[in-house]
Amino acid sequence: MGKILTADEIARYKSDGLICPKRLMSADEAARYLAALESYETATGGPVNGKWRYKSHLVFPWINEMMRLPQILDAVEDLLGPDVMVWSSHLYPKEPGDGRFISWHQDSAHWGLDSNQIVTVWVALTAASEENGCMRMLPGSHTGGVAPHRDTWDPNNILTRGQTIDAEIDETRAVWTTLQPGEASLHHVDMWHASKPNETDKRRVGVALRYITPAARQERVDTDFATLLRGEDRYGHFQPEAAPEATMHPDAVAEHQRIADIQGQIYLSGTERAGVSGLIETNEAR
Ligand SMILES: O=C(O)CCC(=O)C(=O)O
């Protein structure tokens, strides 16, 4: 038994690379976070998009708060140990009929990190269902290392390069990570996963929090950034990040620009688009 995960859940994470569903906040807390996002969207005239969906904890105080929730950190600690950093946070809205999808991929293929002690906690702010494009995962696929991917640059693919695993996928083995608001899935960085477009008339929104240990190293650029949330950093591989004082505070926006540009170089490394203008030029930035 861990701090919050059961022995069975920890064993399943080892064997399947996935825990789902796990309630990590109440439906009311999830509704409060969704309201914070939607009040920003109302003020700015549309769904959050572009670069603000990346490293979002640097500009949205509510995501910076969510990534520190003790129950989420307890779950991460149960899987990664006592020293925990957040490397990134991503907002994943899928609007009705927008056609946006995510192809089969492994996160490890494009994050440039040399470790597989990395877990994503994907928190549902709305329900996530087969119909509105919840994630699909292939249990056990995290055990085979990093598979070859090819870039498709499909404009409807939310992934930066439209990167897709270059292999036959037996989709009959895939599980749907259906979630209620406030529930989460936890997946291993080598997990093969994908998601289909939203075919309903309501939006689907989730926040993906990417947790690492301080021992991880970035291999694609010289300087990378992460926030220490628990325990100790005995390595100094990552530069610290500042929490935003307010939504889109000018200091936070400047910090985000600097760090998101570096993230763009990481994601686009090895392509001719690397270094063009960070994430601003990429699919995932739309
Ligand atoms: O939100 C989605 O549909 C997919 C997100 C994803 O691929 C991830 O969090 O690793």
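Rules of the game
Residues numbered from 1 in each chain as written. Predicted model: local features only at pLDDT ≥ 70, side-chain atom pairs only at ≥ 80, totals over all residues. Heavy atoms only, no water. Helix = DSSP H or I, 4+ residues; strand = E, 2+ residues; numbered from the N terminus. Rg over C-alpha atoms; globule rule 2.2 N^0.38 Å. Buried < 20%, exposed > 50% of the residue type's maximum accessible area, 1.4 Å probe, protein only. Contact = heavy atoms within 4.5 Å. Areas by Shrake-Rupley, 256 points an atom, 1.4 Å probe, with all protein chains shown as cover. Lys, Arg positive; Asp, Glu negative; His and termini not counted. Charge placed at Lys NZ, Arg CZ, Asp CG, Glu CD. Pairing = 2+ DSSP bridges. Axes fitted to C-alpha atoms, helices over the stretch in contact; angles between N-to-C directions. 1 Å grid on protein atoms, 1.4 Å probe; cavity = no way out; pocket = protein on both sides within 12 Å on 5 of 7 lines; lining within 4 Å. Points joined across faces, edges and corners; volume = space filled by probe spheres on them. Nonpolar A, V, L, I, M, F, W, Y, C, P; charged D, E, K, R; others polar.

### As for the overall build of the chain
Item 1. Within the chain one finds 6 helices and 12 strands.
Item 2. For 286 residues, the compact-globule formula gives about 19 Å, and the C-alpha radius of gyration of the chain, at 17 Å, lands near that figure.
Item 3. Projected onto its principal axes, the C-alpha positions of the chain cover 45 × 45 × 45 Å.
Item 4. Within the chain, the fraction of its 286 residues that count as buried is 57%.
Item 5. For the chain, long-range pairs separated by at least 24 residues make up 83% of all intrachain contacts whose partners lie at least 6 apart in sequence.
Item 6. Per element, the accessible surface of the chain, about 11400 Å² overall, is 48% carbon and sulfur.
Item 7. Each charge class in the chain was averaged separately, 28 positive and 41 negative side chains, and the resulting centres sit 1 Å apart.

### What to know about the sheet that holds strand 12 (residues 227-230)
Item 1. Judged by pairing direction, the sheet is antiparallel, and its 6 strands sit side by side in the order 1-9-4-11-2-12 without closing on themselves. Edge positions in the sheet fall to strand 1 (18-23) and strand 12, since each has one partner strand and no second. This sheet shows a mean twist of 30 degrees between the axes of neighbouring strands, independent of strand direction.
Item 2. The pairing of strand 4 (residues 119-124) with strand 9 (residues 183-188) spans 5 bridges and is antiparallel. Of the residues in strand 9, the one forming a bridge with V123 is A184.
Item 3. Helix 1 (residues 7-16) contacts strand 1, strand 4 and strand 9 of the sheet and is inclined by roughly 145 degrees relative to strand 1.

### Considering empty space enclosed by the protein
Item 1. Under the counting rule described, the total for this entry stands at 2 cavities of 30 Å³ or more.
Item 2. Around the largest cavity, the lining comprises 18 residues; the ones closest to its centre are Y92, I102, H105, H193 and R210.
Item 3. Counting only elements with at least two residues in the lining of the largest cavity, the list comes to strand 2 (84-94), strand 3 (102-105), helix 5 (108-111), strand 10 (193-195) and strand 11 (204-212).
Item 4. By residue number, the principal contributor to the lining of the largest cavity is strand 2, which donates 3 residues.
Item 5. Here the residues of the lining of the largest cavity are counted per class, giving 7 nonpolar, 6 polar and 5 charged.

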